[in-house]
Protein chains: 2
Amino acid sequence: MGRRLSDVSAPARLAGPDEGIGRDELALAARNHGLPLEALRYDLTPAGLHYVLTHYDIPYVADEASWELAVGGGVRRPLRLAPADLRAYPAVTLRVTLECAGNGRALLTPRPVSQPWLVEAVGTAEWTGVPLRLLLADAGVEDGAVDVVFTGADHGVERGVEQDYRRALPVDVAVGDRADVLVAHTMNGAPLPPQHGRPLRLVVPGWYGMAHVKWLRDITVTDRPFTGFQQTVAYRFRQHPEEEGEPVTRMAPRALLIPPGFPDFMSRTRVVRPGALELEGRAWSGRAPVSRVEISTDGGRGWGEAEVEPAGAHRWAWRRWRFAWTAVPGDHVLMARATDAEGRTQPLDQPWNRGGFTNNLVQRVPVVCLESGS
Amino acid sequence: MGRRLSDVSAPARLAGPDEGIGRDELALAARNHGLPLEALRYDLTPAGLHYVLTHYDIPYVADEASWELAVGGGVRRPLRLAPADLRAYPAVTLRVTLECAGNGRALLTPRPVSQPWLVEAVGTAEWTGVPLRLLLADAGVEDGAVDVVFTGADHGVERGVEQDYRRALPVDVAVGDRADVLVAHTMNGAPLPPQHGRPLRLVVPGWYGMAHVKWLRDITVTDRPFTGFQQTVAYRFRQHPEEEGEPVTRMAPRALLIPPGFPDFMSRTRVVRPGALELEGRAWSGRAPVSRVEISTDGGRGWGEAEVEPAGAHRWAWRRWRFAWTAVPGDHVLMARATDAEGRTQPLDQPWNRGGFTNNLVQRVPVVCLESGS
C-alpha cells in the first residue's frame, strides 16, 4: 500500500494522434477559464472575466491582517511586511495585459497534455501596489545578487515534485530605475480577488502569467541562479524532453478579434448577415509596442491594414484595432495578425514546443454569412 | 454558396464510446467555468468564482440608463422600466444557491455532447432586487394567465433555431404571496457583473440556472403555455429524441466536498498525509431543505453521518457540513450524499437522460494518503 508522489504525478506527455481532450484536461478547463472573446470590448476586463490559471488550489485567506510577506536572502535589512504595511507605501497603478504562457496550447498538433487553452487566456487590469525596486531598496540588496525568488502560498505536486509555487526574476528585471515590477494589493480599485492572489501578488509587465506569482509570501535575493521546478523544468522551450531549453519570459505579439455576429451554441460558429460590419479586437506584445495589425477576411490570401488606436499612457496594455468589412453570403475565415515595433510578428505555421508555450499562431475565426433575408 | 442556419447548427447528439471531449465542447469549457471546489469554503462565492454559463455571447451594455424592461402581454397596465425605476422599489435580498441543470453531464456514459460540466457548476450569491410579484401586481395580471415569459438580450442559434434566450415560469410560481422570484439588479452588494446579467436578471430560488434569465428585457404574461425552444426542446428529460419529455425545474439534492490535502497539477488527484482531518463541504436541494448528509471514506461500502449546520435564515442557500476523518496510508475514495426533508436523495447509479440534466450522482473524490514522513 505504500504510495509515493510519483504514483499520483506522471511525467509530461503529448496526446496521441486521435486523442480527444481527456478527463484530466477537462478538470483543468472547468476550474480555470479564459476571457470570453466578446469581452475584448472592454478596456479593462470586468471582474470574473479576466483569465485565471492556478496550478494548485486557491489558498484560503481568512484574515489578511495575519498575512506576512518576508523579504530576505542577500539583503542587509530583512523585512516582514503585512498587507497594511504595503498599502502605506506610495501607490503606483499600472494597466497591464496578462496572458498565460500556455495560451494556444490545445490548438497544437501534437497537443501537449496540460491546461487546454484555445486562445482566450488573457485579460487586462489596473494593478495597484508598491514597486518591487522600492521594497528591495529598503531591504538593501547585497552585491553579487543574481536572482530574486518569489514564493506563493499555493502548494501541490507537479510531475512528481511537491512544491510551493515559486519563480525567479533576474535581478536586473527586479531592480533599477526602469524596473516596473509591482507587489500588487489592488486590482481594478478593489482588493485582489482570491483567484488573483489575495492579498498580494507580483505583477511583471510584459511577461507571461507564470512570472506574476500570486499569494506572495516570500521574496528572497540569491547570489546564484534559481533552479526550482517552475524555472528549469516547466516553462522552457523544448523540442525533446532531455533538452535544457530556453526559458519562457516575455509575451510574443498577438492580436485577437471579437467574433462578429452571433454564435451557434454548440459549434461556436459565427453567423452574420450581408452588409457592412466593423471588425474590432485587441493586440499586445510584451517586448515592444504593437505597431501594426493586419486583417485577412479570406483565410490568409489577402491582408489589409487595421486602424490601431494610439497606445496612450498604457505601454503594457493591449491596444484596440478596427477594420471595416462588408460581409457577402458564403463561408469566410477571419484572421488578425500583430507585429511589434521591433518587427516580431505572428506565425502562420504553429510554433511547436513540448510544453505548448507561446503559441501565437494567427487566430482563425470561421464565419458563415447567410443570404439576405434568411 | 447559399448557407442556412441548419448548416452551422447541428442536432443534439451523444458522444461515441471512446470519443474524448471535442473541440466544440472545449470551446464551451474555456468560456464558461465552474466553482473551484476549494471555494466551497465561502458562504458567499467571491466575484468571479461563481459558475457561469452563457448560451450565446455576453451582451455588451454600454449605458445602463438606456436599458428598458418591458412588462406586457395579458396585463392591464403595461410597464416600461429602467434599472433606476427598479432600484426605486423597496429592495429584497435573498441568498440563493444556483446550479446549472447540466452539472455532472460530462460524467455520464454515454456523454451528451454539450457544455461538459463535471460537478462544479454551482455558486451562492446574495441577490438584491424587486419581487416579481410586485411588478406583476403593478401591471395587473389579467384573468386566465397561464405562463409568464422572460426574454433576455442574448441572441444566437441553437440546434438550428435562431432565438433570443427565452424561458417561462408557470403563473403560480411567478405571483402569489409566497412567490419569491426576484428581478435582481445587485449581486453581493454590487451591480450585476456582465456575465451574470447586467443590468437585470431573473432569480428563481430553488430552480436550476436555466430559469434565471439574464440580461432581462421583456416579461410577457400569456394565456397559453409557452412553447419556445428553451422550454419544449431544450431542458427536458428524455430517453429518446422523439419524446416530449418532462420539464427540468427545481434542483435535485446534491452534496459536494472540498477536496482535502493538495492536488497533483495534472491529474488533480488529491494527496494527504496520515492523521486527523476535518472533511467539509456544502449541500443543497431546490425542493425541500437538506436534512442529512452522509459520508463514505471507502468508496461507498460504509457511510457515516456528517454534522450539518442549521439552515438559519437562508432557506435557498447551501448548508455547510463537516465530518471527522483519520487518514491512513493507501488509496481512498471519499463520497458525500445529501438527502432532503422530503426523502429525496442522491443516486449511486447515474440518472441518465439525453440532455444530461440533473446528474446528481454522488461525487467521488479519490485521495492518496502517503506514508508518514514521505
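The shown structure was predicted, so the numbers you read here are calculated from the model rather than taken from an experiment.

S.K.: Looking at this model, I keep getting lost on the overall build of chain A. Mind explaining?
M.R.: A tally of regular secondary structure across chain A gives six helices and 22 strands. Over its C-alpha atoms chain A spans a radius of gyration of 22 Å, differing by no more than 12% from the 21 Å that the globule rule assigns to 374 residues. Its C-alpha atoms give chain A principal-axis dimensions of roughly 70 × 55 × 40 Å. Residues counted as buried form 61% of the 374 residues belonging to chain A. Long-range pairs, those at least 24 residues apart, make up 72% of the contacts in chain A between residues at least 6 apart in sequence. Of the roughly 14100 Å² of accessible surface on chain A, 51% is carried by carbon and sulfur atoms. In chain A, which carries 42 positive and 45 negative side-chain charges, the distance between the mean positions of the two groups comes to 1 Å.

S.K.: Looking at this structure, how should I read the interface of chain A and chain B?
M.R.: Interfaces are often sized by the accessible area lost when the parts come together. With 72 residues of chain A at the interface, the matching set in chain B holds 73 residues. Interface area, chain A with chain B, both sides summed: about 6300 Å², of which 62% is carbon and sulfur. Of all residues in chain A, A:Arg3, A:Phe265 and A:Met266 give up the largest surface area on contact with chain B, accounting jointly for 13% of the area buried on that side. Taken together, chain A and chain B are joined by eight salt bridges. B:Arg3 is the partner of A:Asp331 in a salt bridge, and the nearest nitrogen-oxygen pair spans 2.3 Å. Taken together, the links from chain A to chain B amount to 25 residue pairs in polar contact (both at pLDDT 80 or more). When contributions to the side of chain A that touches chain B are tallied by element, the ones reaching two or more residues are α1 (5–8), α2 (23–31), β5 (147–158), β14 (262–263), β15 (270–272), β21 (330–340) and β22 (363–369) of chain A.

S.K.: Where do I start with the domain arrangement of chain A in this structure?
M.R.: Residues and elements named next belong to chain A. Per the domain assignment, the segments of chain A are domain 1 (5–247) and domain 2 (254–369). Taken together, the contact between domain 1 and domain 2 spans 40 residues of the former and 24 residues of the latter. When the two sides are added together, the surface that domain 1 and domain 2 hide from each other amounts to roughly 3100 Å², 57% of it contributed by carbon and sulfur. Of all residues in domain 1, Leu40, Arg95 and Leu108 bury the most surface against domain 2, accounting for 19% of the area lost on that side. Remark: the boundary between domain 1 and domain 2 carries four salt bridges. Linking domain 1 with domain 2 are 19 residue pairs in polar contact (both at pLDDT 80 or more), by the criterion used here. Listed by contribution, the elements that provide at least two residues to the side of domain 1 that touches domain 2 are β3 (92–99), β4 (122–131) and β11 (236–237). By residue class, the composition of the side of domain 1 that touches domain 2 is 19 nonpolar, 11 polar and 10 charged.

S.K.: Would you explain the relation of the copies chain A and chain B in this entry?
M.R.: Superposition of the two copies of the chain requires a rotation about an axis and a shift along the axis. Between the two copies, chain A and chain B, the superposition gives an RMSD of 0.0 Å; the rotation angle is 180° and the shift along the axis is 0.0 Å. Those values place the two copies in the arrangement expected of a two-fold rotation axis. The residues that chain A uses at the interface reappear at the interface of chain B in 100% of cases, marking a shared surface.

Rules of the game
Residues numbered from 1 in each chain as written. Chains lettered and ligands numbered in written order. Predicted model: local features only at pLDDT ≥ 70, side-chain atom pairs only at ≥ 80, totals over all residues. Heavy atoms only, no water. Helix = DSSP H or I, 4+ residues; strand = E, 2+ residues; numbered from the N terminus. Rg over C-alpha atoms; globule rule 2.2 N^0.38 Å. Buried < 20%, exposed > 50% of the residue type's maximum accessible area, 1.4 Å probe, protein only. Contact = heavy atoms within 4.5 Å. Areas by Shrake-Rupley, 256 points an atom, 1.4 Å probe, with all protein chains shown as cover. Lys, Arg positive; Asp, Glu negative; His and termini not counted. Charge placed at Lys NZ, Arg CZ, Asp CG, Glu CD. Buried area = accessible area lost by both parts, 1.4 Å probe. Salt bridge = Lys/Arg side-chain N within 4 Å of Asp/Glu carboxyl O. Polar contact = N/O pair within 3.5 Å; in protein donor to acceptor, adjacent residues only side chain to side chain. Domains from an automatic or database assignment. Nonpolar A, V, L, I, M, F, W, Y, C, P; charged D, E, K, R; others polar. Least-squares fit on C-alpha atoms with pLDDT ≥ 70 in both.

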